[in-house]
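# Overview (structure and organization)
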Amino acid sequence: IIMHTLSQTTEWLHAFGTLFYPHLCAGCGSNNIASDEAICHHCIAHFPVTGFENQTGNPIEKLFWGRIPVTAASSQFYFTRSSTIQNALHSLKYKSNKEAGIVMGRLLGYSLKQSNRFRNIDLIVPLPLYPKKEKSRGYNQAKIIATGMQEVLNVPVITDAIARIKYTDSQTHKNRIDRWKNVGDVFSLQKPDLLKGKNILLTDDVITTGASLEACGETICKAEIGALYIATLAFSDQ
């Protein structure tokens, strides 16, 4: 009887708490989701998968042709406006929904693990944020994504080998030319010995022109690495 009463009390407290702090899916906003889930199964099943991880010369790789030596590059999902994938990424980036980022990082990790083109990764390097920006936000969303990837790929995440040493304005509303100008000389190689001879996977949330990832990748290559790979959660051609 006591155990039954405690169980009822726990259920009542949980139900009461959800009135003020509802647990919602980061993709569709539905409350029909388990308390230990961040994104519902329906959203995950309908995220627009690219399949780029298995395509040589895919649109992500073409962004870097003739610029930096990338062995393979991919994005897991297509980014579209007013969609569940945009909602999930917005929840991660601006609403501190780290668990959503970890879930999506795992999805990205699974796709790379199943691809023959990404089988030699030694280290994951999330794209760095400017320190003051990371402190203000409380975290770097790329690190959260990398955490989810690490759980699947079982390789270390390195966060102190590369630093962003200059503040840059948001890339969101800049055209392609301005994006390239905005990220010149903003990254610095801090601990090259951590990267030397290793196959590096550079990751971020969304890629559009690839300007930031190119600038960071160029800096990483100065450490005399083995090979450079790039993978992001989403690809936007807007």
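Preceding block: the structure.
This report concerns the structure included in the present document.

Along the backbone of the chain there are nine helices and six strands. Expressed as a percentage of its 238 residues, the buried residues of the chain come to 47%. Contacts in the chain between residues at least 24 apart in sequence constitute 76% of all its contacts with a sequence separation of at least 6. Element-wise, carbon and sulfur atoms account for 51% of the exposed surface of the chain, whose accessible area totals about 12600 Å².

Turning next to the packing of aromatic side chains. By the definition in use, this model includes five aromatic pairs. On the numbers, 5.7 Å between centres and 50° between planes, the contact of Phe118 with Tyr229 is tilted. Highlighted residues: Phe118 in the loop between helix 5 (98–113) and strand 2 (123–126) and Tyr229 in strand 6 (residues 227–235), separated in sequence by 111 residues. Considering the side-chain rings of Tyr130 and Tyr167, the 5.9 Å spacing of their centres and the 70° angle between planes classify their relative orientation as edge-to-face.

As a further point, take the pattern of salt bridges. By the definition in use, this model includes eight salt bridges. The shortest N-O distance in the salt bridge between Arg106 and Glu99 comes to 3.9 Å. Residue Glu224 is joined to Lys196 by a salt bridge in which the shortest nitrogen-to-oxygen separation is 3.8 Å. Of the two residues, Glu224 sits in the loop between helix 9 (211–221) and strand 6 while Lys196 sits in the loop between strand 4 (187–189) and strand 5 (199–207), which places them 28 residues apart along the sequence. Several salt bridges converge on common partners, so that one network encompasses Glu99, Arg106 and Glu151.

One broad trend across soluble globular proteins is that nonpolar side chains are buried collectively. Ranked by internal contacts, the top residues of the largest apolar core, which has 37 residues, are Ile39, Met104, Met149 and Leu201. For this core, the elements supplying multiple residues, two or more each, are strand 1 (72–78), helix 4 (84–94), helix 5, helix 7 (141–153) and strand 6. For this core, the element with the highest residue contribution is helix 5, accounting for six residues. If we ignore the near neighbours within four places in the chain, the residues touching Met104 are Ile39, Ile85, Ala88, Leu89, Leu92 and Leu233. Membership of the second largest hydrophobic core comes to 27 residues, among which are Leu63, Leu123, Leu195 and Ala223.

Our next topic: unusual backbone geometry. Phi is positive for Asn154, close to 60°, though the residue is something other than glycine. Position of Asn154 relative to the elements: it lies in the loop between helix 7 and strand 3 (162–164). Here the phi dihedral of Glu224 falls at roughly 55°; this positive angle occurs in a residue that is not glycine. Classification of Glu224 as exposed rests on a relative accessible area of 53%.

Conventions used here
Residues numbered from 1 in each chain as written. Predicted model: local features only at pLDDT ≥ 70, side-chain atom pairs only at ≥ 80, totals over all residues. Heavy atoms only, no water. Helix = DSSP H or I, 4+ residues; strand = E, 2+ residues; numbered from the N terminus. Buried < 20%, exposed > 50% of the residue type's maximum accessible area, 1.4 Å probe, protein only. Contact = heavy atoms within 4.5 Å. Areas by Shrake-Rupley, 256 points an atom, 1.4 Å probe, with all protein chains shown as cover. Phe/Tyr/Trp six-rings, centres within 6.5 Å; stacked < 30°, edge-to-face > 60°. Salt bridge = Lys/Arg side-chain N within 4 Å of Asp/Glu carboxyl O. Core = buried A, V, L, I, M, F, W, Y, C linked by side-chain atoms within 4.5 Å.

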